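Coordinates in review
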Amino acid sequence: MQIDMLGNERWYAIRVKSRSEKIAVAGLAAKGIEVFGGVAFERRVWADRIRVIEMPLFPGYIFGRFDFAGRRTVEDVHGVASIVSFGNQSCAVDDGEIAALRKLVASGIEVRRSASLEVGSPVRVTHGPLAGTEGRLLQVRSQFRLAVSVTILHRSVSVEIDEALVEPLAASSLRLAVAG
C-alpha cells in the first residue's frame, strides 16, 4: 500500500455495509468511478444439499479508482460505509495488485474461498448426521473431500466428509470425547 500524497486518481479499498457489495459497485459505476468488486465461488450447505454460490472475493470490501480529494462522492453512494484509511492518512492500493486480481478473476481459473484448514488442525462438523462432532483434519483427499479423525475411548476413527460441512476450531477448544 502507498500513502496518497498527490491527490490524483488511485485505487482505494472501500468498506461497504453488510451484503452491499453489488449495490455499492453499481452506485459507484453510475457516478463514473472505475470499480472492482471481484467474485469467487463458495460451497454452502442448505438443508440436505450443498450448492455452489457466487460470493464477493473480499466480503465487505470493494475497490474504486478515484481522486481522494473527491472522496465525498464515493462516501455518499448507497451501500458504502467508508474508505479504508489509517487515521487521517488515505492509503492507496497498488495498481499492480488490482491488475493481478482482475487477471485472476478473468482467467476462469477456479478461485476457492474456504476456511483456512490445515492438516492437523482441529475441526467441528457443522451439518449433517455428524453435526457437533469435533476432530482433527487428517488429509485433504480431493478437491472438496477431507478425512477427519475423531477420537473416542482413546481410539481414533476417520470419516471422509465434504469441506463445506466443517469449520475450523481454535486449537485450544478441541474436546476429546472420553467415556466417563
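Each residue is numbered by its place in its chain's sequence as written, counting from 1. Confidence filtering applies because this is a predicted model: local features only for residues at pLDDT of at least 70, side-chain atom pairs given and counted only at 80 or more, and all residues used for totals across whole chains, interfaces and linings. The basis for the side-chain values is all heavy atoms of the structure; hydrogens and waters are excluded.

**What about helix α1 (residues 21–30)?**
For clarity, the threshold we go by: Burial status follows relative accessibility: with a 1.4 Å probe on protein chains alone, a residue under 20% of its type maximum counts as buried, one over 50% as exposed, and anything between as partly exposed. Secondary structure elements are defined from DSSP: runs of H or I of at least 4 residues count as helices, runs of E of at least 2 residues count as strands, and each element is numbered from the N terminus. Here, the arc refers to the directions that run from the helix axis to the C-beta atoms. Contacts are assigned to residue pairs with any non-hydrogen atoms lying within 4.5 Å of each other.
For α1, the set of buried residues is E21, A24 and L28. In an axial view of α1, the angular spread of the buried residues amounts to 70°, which keeps them on one side of the axis. Every exposed residue of α1 that faces more than 90 degrees away from the buried side is listed here: K22 and A30. The elements touched by buried residues of α1 are β2 (9–16), β3 (34–36), β5 (49–56), β6 (61–67), α2 (71–75) and β7 (80–83). Of the residues one or two after α1, G32 is the one with positive phi, at around 80°.

**Structural notes on the confidence of the model for the protein**
Rule in force here: The pLDDT score gives, residue by residue, the confidence of the prediction method on a 0 to 100 scale.
Chain-level statistics for the protein give a pLDDT mean of 81 and a share of 82% at 70 or above. Confidence over residues 174–180 falls short of pLDDT 50; this stretch has 13 contacts with residues more than four positions distant or in other chains.

**A look at the environment of C91**
Of note, C91 is situated in strand β9 (residues 89–93). As for C91 and A13, which are separated by 78 residues in sequence, their C-alpha atoms are 8.3 Å apart.

**A few points about the pairing of β9**
Rules: Pairing between strands is defined by DSSP: at least two bridges between the two strands are required.
Burial analysis of β9 places four of its five residues in the buried class, which makes it a mostly covered element. Examined bridge by bridge, β2 and β9 share two bridges and lie antiparallel to one another. Following the sheet pairing, Y12 is matched in β9 by A92. When strand β8 (residues 85–86) meets β9, the two strands line up antiparallel, connected through two bridges. Looking at β9, one finds that F86 is bridged to Q89. In this antiparallel pair of consecutive strands, β8 and β9, the connection spans two residues, and G87 shows a positive phi of 65°.

**Description of the packing of aromatic side chains**
For any pair of aromatic rings, the description rests on two quantities: the centre-to-centre distance and the angle between the ring planes. So the rule is basically this: Aromatic rings from Phe, Tyr and Trp, with only the six-membered ring used for Trp, were paired whenever their centres fell within 6.5 Å, and each pair was classed as stacked if the ring planes differed by under 30 degrees, edge-to-face if by over 60, and tilted otherwise.
Counted according to the given criterion, the structure contains four aromatic pairs. For the ring pair Y12 and F66, a centre distance of 4.9 Å and an interplane angle of 35° mean the geometry is tilted. One end of the pair, Y12, is in strand β2; the other, F66, is in strand β6, and 54 residues separate them in sequence. Ring plane angle 90° and centroid distance 5.9 Å describe the contact between F58 and F63, whose orientation is recorded as edge-to-face. We classify F63 as buried; its relative accessible area is 11%. Site record: aromatic cluster; members linked through ring pairs are Y12, F66 and F68.

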